[in-house]
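Read off the chains here:
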Amino acid sequence: MSAKFVIYKDAKGEYRFRLKAANGEIIAVSESYSSKQACENGIESVKKNAPSAPVEEE
């Protein structure tokens, strides 16, 4: 099994996604989105932008 994105509805009925590692552990959780399409766009943005994202400490 490899890592995967899982879309779900939260308690307010809004869409969110979780990124799960190959072992099933949740490694990231998204903000809420008003539509499933917006949530899917968020996933695509992570896929596109995360490989080159720097790590910063605040």
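Notes on the structure in this doc start here. (Residues numbered from 1 in each chain as written. Predicted model: local features only at pLDDT ≥ 70, side-chain atom pairs only at ≥ 80, totals over all residues. Heavy atoms only, no water.)

**What to know about the pattern of salt bridges**
In plain terms, the rule: Salt bridge, as applied in this entry: a Lys or Arg side-chain nitrogen positioned within 4 Å of an Asp or Glu carboxyl oxygen. The helix and strand labels rest on DSSP assignments: H or I over at least four residues marks a helix, E over at least two residues marks a strand, and numbering proceeds from the N terminus. Only protein chains enter the accessibility calculation, which uses a 1.4 Å probe; a residue whose area is less than 20% of its type maximum is buried, one above 50% is exposed, and one in between is partly exposed.
Summed over the entire model, instances satisfying the criterion amount to 2 salt bridges. Put simply, Lys 47 and Glu 44 hold a salt bridge, and the shortest N to O gap is 3.5 Å. Within this pair, Lys 47 and its partner Glu 44 are both found in helix H1 (residues 36–49), separated by 3 residues, close to a single helical turn. The exposure class assigned to Lys 47 is partly exposed, which follows from its relative accessible area of 46%. According to the relative accessible area criterion, Glu 44 is partly exposed, its value standing at 46%.

**Notes on the packing of aromatic side chains**
Where we set the bar: Ring pairs are drawn from Phe, Tyr and Trp, using the six-membered ring of Trp, whenever the two centres fall within 6.5 Å, and their geometry is named by plane angle: stacked under 30 degrees, edge-to-face over 60, tilted for the rest.
Enumeration over the complete set of coordinates arrives at 2 aromatic pairs. Aromatic side chains Phe 5 and Phe 17 sit 5.6 Å apart centroid to centroid with 70 degrees between the ring planes, which places their arrangement in the edge-to-face category. With Phe 5 in strand S1 (residues 4–9) and Phe 17 in strand S2 (residues 15–20), the pair connects residues that are 12 residues apart, well separated along the chain. Each ring, one from Phe 17 and one from Tyr 33, has its centre 6.4 Å from the other, and the planes form 15 degrees; the classification is stacked. In this pair, Phe 17 is assigned in strand S2 and Tyr 33 in the loop between strand S3 (26–29) and H1, connecting sequence segments 16 residues apart. Like Tyr 33, Phe 17 is buried. Through a chain of ring-to-ring contacts, the aromatic side chains of Phe 5, Phe 17 and Tyr 33 assemble into a single cluster.

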